[in-house]
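As a plain string of letters, each chain reads:
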Amino acid sequence: MDSEKSSSVERNTRLDRELWLAVKQGQVEVLGILYDRYAGLVYGIALKVLGNVQEAEDLTQDIFVKLPKSTFNPERGSFKTFVAILTRSRAIDRVRSRQRAAQKVSQNLSPELMSSATPDALEKHSQQEQDQTVRAALSELSSQEQQLLKLSYYEGLTQANIAEHLNLPLGTVKSKMRRSLIKLRQMLTEQSD
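Presented here is a report on the structure given in the accompanying data block. What you are looking at is a predicted structure, and each value in this text was computed from that prediction instead of being measured.

The next thing to look at is the pattern of salt bridges. The full count for this structure, using the stated rule, is 6 salt bridges. Here Arg 37 and Asp 16 are joined by a salt bridge, their closest N and O atoms 3.0 Å apart. Here Arg 37, found in helix 2 (residues 31-50), pairs with Asp 16, found in helix 1 (residues 2-24); they are 21 residues apart in sequence, far enough to count as distant. Of the charged contacts in the structure, one is a salt bridge between Lys 174 and Asp 36, with a shortest N-O distance of 3.6 Å. With a gap of 138 residues between them, Lys 174 in helix 9 (residues 170-192) and Asp 36 in helix 2 connect regions that are remote in the sequence. We classify Asp 36 as exposed; its relative accessible area is 52%.

Structure below.
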């Protein structure tokens, strides 16, 4: 039994290395396979650290969108461990960023407002600012890109549900969503610079 488990782990490790090498060689479609294999792990870690479903989903997408630029070294460990550590690190960064944003908002509020403001109110204000920024960037995408992202993130549909809803092949929905997320991420990055 142990030898079967050991050989299964070795096969998975070998497959992950092959998939990673394909991603690094520019075969972006392979990201879908890695996503299918590890999205649950990434989402679980993100949710545990962030404590927010929407932020966990956003971080899960972000991890896979930025994965081709990551510096995984197959000689130093497994891909599963790498993606788990990467997710935990990025989630902690987001928590710290959220705390800094709340501090920044509190510094800009008048003393009268601060005395009546609760931590929830400060976080809500910060979240509203972020929502406005994201909605502005979304409005710059094509109507189909907007529709895909809104169905996924605002209505909570899975990619399979979106494909069925729009009568499109699942692969088409996945690739269009990835491209849309990459475009959105680039716009948000440019706005924050």
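Back to the text.
Now for the packing of aromatic side chains. All chains considered together, the criterion is met by 5 aromatic pairs. Taking 5.9 Å as the distance between ring centres and 40° as the angle between the ring planes, the aromatic pair formed by Trp 20 and Phe 79 counts as tilted. You can see Trp 20 sitting in helix 1 and its partner Phe 79 sitting in helix 4 (residues 79-108), a full 59 residues away along the chain. Residue classification places Trp 20 among the buried positions, given a relative accessible area of 2%. The rings of Trp 20, Tyr 38, Phe 79 and Phe 82 are connected pair by pair, giving a single aromatic cluster.

Attention shifts here to the nonpolar core. Leu 34, Ile 63, Phe 64, Leu 67 and Phe 79 are the most contacted members of the largest nonpolar core, which has 23 residues in total. Listing elements by their share of this core, those giving two or more residues are helix 1, helix 2, helix 3 (53-66) and helix 4. When residues in this core are grouped by element, the largest group, 7 residues, is from helix 2. Excluding its chain neighbours within four sequence positions, the residues that come into contact with Leu 34 are Asp 16, Leu 19, Val 23, Ala 39, Phe 64, Leu 67 and Phe 79. Grouped together as the second largest cluster of nonpolar side chains are 16 residues, Met 177, Leu 181, Met 187 and Leu 188 included.

Our focus in this paragraph is the environment of Lys 174. Taking the C-alpha atoms as reference points, Lys 174 and Ala 163, separated by 11 residues in sequence, lie 8.8 Å from one another. Ignoring any residue separated from it by four or fewer positions in sequence, one finds Lys 174 in contact with Asp 36 and Gln 159.

Looking only at helix 8 (residues 159-166), the buried set comprises Gln 159, Ile 162 and Ala 163. Projected down its long axis, helix 8 shows its buried positions confined to an angular sector of 100°, all on one face. Among the exposed residues of helix 8, those pointing more than 90 degrees away from its buried face are Glu 164 and His 165. Backbone geometry just downstream of helix 8 places Asn 167 in the positive-phi region, at approximately 60°.

What follows deals with the environment of Pro 68. Relative to the elements of secondary structure, Pro 68 occurs in the loop between helix 3 and helix 4. Assessed through its relative accessible area of 25%, Pro 68 is described here as partly exposed. Taking the C-alpha atoms as reference, Pro 68 lies 6.1 Å from Lys 24; in sequence the two are 44 residues apart. Setting aside residues up to four positions removed in sequence, Pro 68 forms contacts with Val 23, Lys 24 and Leu 31.

Attention now goes to the packing of helix 2 against helix 3. Packed helices, taken two at a time, are described by their axes: the angle between them and the distance between them. In the contact formed by helix 2 and helix 3, the axes pass within 8 Å of each other and the chain directions differ by 140°. The element helix 2 and its partner helix 3 pack so that their crossing is right-handed. When helix 2 is examined against helix 3, the residues Leu 31, Leu 34, Tyr 35, Tyr 38, Ala 39, Val 42, Tyr 43, Ala 46, Leu 47 and Leu 50 are found in contact with a partner set consisting of Val 53, Glu 55, Ala 56, Glu 57, Leu 59, Thr 60, Gln 61, Ile 63 and Phe 64. For the contact of helix 2 with helix 3, the residue count by class is 15 nonpolar, 2 polar and 2 charged.

Conventions adopted
- Residues numbered from 1 in each chain as written.
- Predicted model: local features only at pLDDT ≥ 70, side-chain atom pairs only at ≥ 80, totals over all residues.
- Heavy atoms only, no water.
- Salt bridge = Lys/Arg side-chain N within 4 Å of Asp/Glu carboxyl O.
- Helix = DSSP H or I, 4+ residues; strand = E, 2+ residues; numbered from the N terminus.
- Buried < 20%, exposed > 50% of the residue type's maximum accessible area, 1.4 Å probe, protein only.
- Phe/Tyr/Trp six-rings, centres within 6.5 Å; stacked < 30°, edge-to-face > 60°.
- Core = buried A, V, L, I, M, F, W, Y, C linked by side-chain atoms within 4.5 Å.
- Contact = heavy atoms within 4.5 Å.
- Arc of directions from axis to C-beta.
- Axes fitted to C-alpha atoms, helices over the stretch in contact; angles between N-to-C directions.
- Left-handed = near helix turned anticlockwise from the far one by under 90°.
- Nonpolar A, V, L, I, M, F, W, Y, C, P; charged D, E, K, R; others polar.

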